[in-house]
There are 2 protein chains.
Amino acid sequence: MRLAKELKEMPKKRWTLDDIREYFAQHEIRISVYRLKIFEYLINERTHPTAEEIYRQLKKELPSLSPGTVYNTLRYFLEKKIIQQVNVENNEARYDATLSWHGHLKCLGCGKVFDVHIENLKLGGLEGFEIFEKHLGLKGLCPECLKRKKY
Amino acid sequence: MRLAKELKEMPKKRWTLDDIREYFAQHEIRISVYRLKIFEYLINERTHPTAEEIYRQLKKELPSLSPGTVYNTLRYFLEKKIIQQVNVENNEARYDATLSWHGHLKCLGCGKVFDVHIENLKLGGLEGFEIFEKHLGLKGLCPECLKRKKY
DNA sequence: CAAAATATTAAAATGAGTATAAATTTATAT
DNA sequence: ATATAAATTTATACTCATTTTAATATTTTG
């Protein structure tokens, strides 16, 4: 059994634009066309895309979109805490609309980023510190790439 | 190599240039003034500096040093696996000459990066994957900054 | 609907990091 | 110690992701 399968089995239905409108309202996020579409892309595709990937995909559908908007909107979503940043590779920021505590594995063969379930984590020596964020990033090869020797 | 482990486990506080020369020889790393000084800075200061910080500090002592040398040398050390990259913040690569498995906490008050001891980590759903690297990065506040309300 | 507030655009700026070719340093063989 | 070849370093120019700016457009509010 693979991780990807486990996550797919979780019955998460696709969000409609109205679901997102409601979610934005709950989080005091002003509505605009691009905010709705960018969030929709993140929450429904779940591929942990970079800003550039989001721009490239949405540009097809919304030709007047500019890269700056994608970057600004993602930064705004981070401030509002409705998305989290994924940084496995330090030269590319990726984004995830799933807020639960989990790790990320980047396959060095195909570049895909997989979610990793963290069953247990125990840290030492943090007495007196206050922790706001935890990020676990792995690098390796996915079963597909191992099978096809794509590396 | 046989001697590498012995050296790694040596209870030596500060490394001398001769210690580093020996260590380089064991790892088949050619010696040069800058390589010695850059590694010395990493291993003795243990502040998880960025390339820019290393450049700025060493420039005082070695005025002809150029930034490219610092970047190239760090990349070379990574290839030779005598240092590891630390990425808590995805827009700044930091480096650590300690190779043991541990996490890093960046204080959002003072910007210092602290080592975090990982007592236990259990991941799920990685059957069929091959893992090469694991990185744990935390963001929070250190006791000093909490006390002085520097945030 | 009009005014005010906020979002978006396109372009320029920034900043980390890389590539390159010429100059310098290092390892080695004399 | 010196000559030589190989590797490293410098300086510069570049790339690429992201941010900022200032003008324009859209959304919200009265």
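Peer 1: Lay out the overall build of chain A in plain terms, naming residues and giving numbers.
Peer 2: Helix and strand content of chain A: six helices and five strands. In chain A, the succession of α and β elements from N to C terminus is α-α-α-α-α-β-β-β-β-β-α. Taking the principal axes of its C-alpha atoms as reference, chain A extends roughly 50 × 40 × 35 Å. Out of the 151 residues belonging to chain A, those deemed buried represent 44%. Across chain A, contacts joining residues at least 24 apart in sequence account for 50% of those joining residues at least 6 apart. Put simply, chain A has 27 plus and 21 minus side-chain charges, and the middle of one group is 5 Å from the middle of the other.

Peer 1: Hey, could you go over helix α2 (residues 17-26) of chain B for me, with residue numbers and the actual values?
Peer 2: Residues and elements named next belong to chain B. Residues of α2 that are buried: Asp19, Ile20, Tyr23, Phe24 and Gln26. Looking straight down α2, one finds that the buried residues subtend no more than 155° of arc, so they occupy a single side. In α2, the exposed positions that point more than 90 degrees away from the buried face belong to Asp18 and Ala25.

Peer 1: Residue-level account of the sheet that holds strand β5 (residues 130-141) of chain A, with values.
Peer 2: Read around the closed barrel, the six strands follow the order β3(A)-β4(A)-β4(B)-β3(B)-β5(B)-β5(A); overall the barrel is mixed. Each neighbouring strand pair of the sheet contributes to a mean axis angle of 40°, computed without reference to strand direction.

Peer 1: Summarise the domain arrangement of chain A; cite the residues concerned and give the values.
Peer 2: All names here are of chain A. The domains assigned to chain A are domain 1 (14-96) and domain 2 (103-120 + 128-147). Between domain 1 and domain 2, the buried area comes to about 810 Å², and carbon and sulfur atoms account for 53% of it. Taken together, the connections running from domain 1 to domain 2 amount to six residue pairs in polar contact (both at pLDDT 80 or more). Secondary-structure elements contributing two or more residues to the side of domain 1 that touches domain 2 are β1 (84-86) and β2 (94-96). Counted by class, the side of domain 1 that touches domain 2 contains two nonpolar, two polar and four charged residues.

Peer 1: Give me the lowdown on the protein's contact with DNA strand C, citing residues and values where you can.
Peer 2: Not every one of the 15 residues close to DNA strand C is listed here, only the nearest: Arg30, Ser32, Arg35, Ser64 and Thr69 of chain A. Counting only atoms of DNA strand C within 4 Å of the protein, the fraction found in sugar and phosphate groups is 91%. One of the side-chain nitrogen or oxygen atoms of Ser32 of chain A is found 2.6 Å away from a phosphate oxygen of DNA strand C. A distance of 3.3 Å is found between a phosphate oxygen of DNA strand C and a side-chain nitrogen or oxygen belonging to Tyr71 of chain B. Of all the elements in the fold, those that place two or more residues in the surface near DNA strand C are α3 (33-45) and α5 (67-79) of chain A together with α5 (67-79) of chain B. Here the surface near DNA strand C is composed, by residue class, of six nonpolar, five polar and four charged.

Peer 1: Please provide a residue-by-residue account of the pattern of salt bridges, values included.
Peer 2: Taken as a whole and judged by the stated rule, the model has 26 salt bridges over all chains. One salt bridge in this structure joins Lys37 of chain A and Glu61 of chain A, with 2.7 Å as the shortest N-O distance. Separated by 24 residues along the polypeptide, Lys37 of chain A in helix α3 and Glu61 of chain A in helix α4 (residues 51-61) bring together distant segments of the chain. Since its relative accessible area comes to 14%, Lys37 of chain A is described here as buried. Among the residues examined, Glu61 of chain A registers a relative accessible area of 48% and is labelled partly exposed. The shortest N-O distance in the salt bridge between Glu92 of chain B and Arg94 of chain B comes to 2.8 Å. This pair shows no difference in class: Glu92 of chain B is buried, exactly as Arg94 of chain B is. Residues participating in the shared-partner salt-bridge network are Glu53, Glu89, Glu92, Arg94, Lys106 and Lys139 of chain A together with Glu133 of chain B.

Peer 1: Account for the protein's contact with DNA strand D, with residues named and values stated.
Peer 2: Within the structure, DNA strand D sits among 16 residues, and Tyr71 of chain A together with Ser32, Arg35, Ser64 and Thr69 of chain B are positioned closest to it. Within 4 Å of the protein, the atoms of DNA strand D are drawn from sugar and phosphate moieties in a proportion of 90%. Backbone polar atom of Ala93 of chain A to a phosphate oxygen of DNA strand D: 3.3 Å apart, as the coordinates give it. One of the side-chain nitrogen or oxygen atoms of Ser66 of chain B is found 3.0 Å away from a phosphate oxygen of DNA strand D. Looking at the surface near DNA strand D, the elements with two or more residues in it are α5 of chain A together with α3 (33-45) and α5 of chain B. The leading source of residues in the surface near DNA strand D is α5 of chain A, at three residues. Class assignment of the residues belonging to the surface near DNA strand D gives a composition of six nonpolar, six polar and four charged.

Criteria and thresholds
- Residues numbered from 1 in each chain as written.
- Chains lettered and ligands numbered in written order.
- Predicted model: local features only at pLDDT ≥ 70, side-chain atom pairs only at ≥ 80, totals over all residues.
- Heavy atoms only, no water.
- Helix = DSSP H or I, 4+ residues; strand = E, 2+ residues; numbered from the N terminus.
- Buried < 20%, exposed > 50% of the residue type's maximum accessible area, 1.4 Å probe, protein only.
- Contact = heavy atoms within 4.5 Å.
- Lys, Arg positive; Asp, Glu negative; His and termini not counted.
- Charge placed at Lys NZ, Arg CZ, Asp CG, Glu CD.
- Arc of directions from axis to C-beta.
- Pairing = 2+ DSSP bridges.
- Axes fitted to C-alpha atoms, helices over the stretch in contact; angles between N-to-C directions.
- Domains from an automatic or database assignment.
- Buried area = accessible area lost by both parts, 1.4 Å probe.
- Polar contact = N/O pair within 3.5 Å; in protein donor to acceptor, adjacent residues only side chain to side chain.
- Nonpolar A, V, L, I, M, F, W, Y, C, P; charged D, E, K, R; others polar.
- Near = heavy atom within 4 Å.
- Salt bridge = Lys/Arg side-chain N within 4 Å of Asp/Glu carboxyl O.

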